[in-house]
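Chain residues, written in single-letter form:
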Amino acid sequence: ECGIWDRSGSCLIPLDLIAQLPRYLRKTIPPDYLDLMGHMNIRWYFDLFAGSGRRFFSSHGLNEDYFRKGDFGVFTLKQYIQYFAEVRVGQTVAIRTRLTGRSEKRFHFIQFMINETTNQLSATFEALISHGGLNRRRAAPMPAYIAEKFDATLARDQKREWEAPLCGAMRL
């Protein structure tokens, strides 16, 4: 199965390669996610991507304990969602994440929502996030122990045999 197609109709990224990324969320879609068109409403795509993103952040040390200390947090600078195939009630989706870049204060990632029921890529979510000081409300460098976790993830993700399908509008 193909995950991402190119403009000529050839498979750019096979779904099995995307499925090798770490999974941060799996959910069977309940009836209250339905909209008038009979599929999952767009607000739930964002909600699911946000929940998966929080788990991704947490796995790198940006967790509740870190945020509760009150000194630092994260701010979303840009985001981009692309829809490929609808999701319907009763279907199960999994969200997998790939880190695409990091600087001293920012990180850039893309998430892939795979409909496990239909074996299709349903949507992608790309985001640029800034680590920031909550007192001054300005971007601030990540602590070394968090940066090291992001660096390890980035090193792993840069070794993948396929390019992430980025929108091109986000820069570190």
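Our subject is the structure listed above.
Model, not experiment: these values are computed from the prediction.

S.K.: Hey, could you go over the environment of phenylalanine 84 for me, with residue numbers and the actual values?
M.R.: By the element assignment, phenylalanine 84 lies in the loop between β4 (72–83) and β5 (92–102). Between the C-alpha atom of phenylalanine 84 and that of serine 58, which follows or precedes it by 26 residues, the distance is 28 Å.

S.K.: Before we move on, can you summarise helix α2 (residues 42–59) with the specific residues and values?
M.R.: The end-to-end C-alpha distance of α2, which contains 18 residues, comes to 26 Å, matching closely the 26 Å that a straight helix rising 1.5 Å per residue would cover. Within α2, the full set of buried residues consists of Trp44, Tyr45, Leu48, Phe49, Gly51, Ser52, Gly53, Phe56 and Phe57. Looking at the buried residues of α2, the elements they touch are β3 (23–28), β4, β5, β6 (106–115), β7 (120–133) and α4 (144–158). Measuring from the backbone nitrogen of arginine 43 back to the side-chain oxygen at the start of α2 gives 2.9 Å, which picks out asparagine 41 as the cap.

S.K.: Can you break down the environment of phenylalanine 49 residue by residue, with the values?
M.R.: Positionally, phenylalanine 49 belongs in helix α2. Residues phenylalanine 49 and alanine 123 lie 74 residues apart in sequence; the distance between their C-alpha atoms is 9.7 Å.

S.K.: Which residues make up the pattern of salt bridges, and what values go with them?
M.R.: With the rule as written, the count across this model stands at six salt bridges. Residues aspartate 157 and arginine 156 are paired through a salt bridge, measuring 3.3 Å at the closest nitrogen-oxygen approach. Residue aspartate 157 is classed as buried on the basis of its relative accessible area of 0%. As a salt-bridge pair, aspartate 157 and arginine 160 come within 3.0 Å of each other at their nearest N and O atoms. Accessibility classification places aspartate 157 together with arginine 160 in one group, the buried group.

Calculation rules
- Residues numbered from 1 in each chain as written.
- Predicted model: local features only at pLDDT ≥ 70, side-chain atom pairs only at ≥ 80, totals over all residues.
- Heavy atoms only, no water.
- Helix = DSSP H or I, 4+ residues; strand = E, 2+ residues; numbered from the N terminus.
- Expected span 1.5 Å × (residues − 1).
- Buried < 20%, exposed > 50% of the residue type's maximum accessible area, 1.4 Å probe, protein only.
- Contact = heavy atoms within 4.5 Å.
- Polar contact = N/O pair within 3.5 Å; in protein donor to acceptor, adjacent residues only side chain to side chain.
- Salt bridge = Lys/Arg side-chain N within 4 Å of Asp/Glu carboxyl O.

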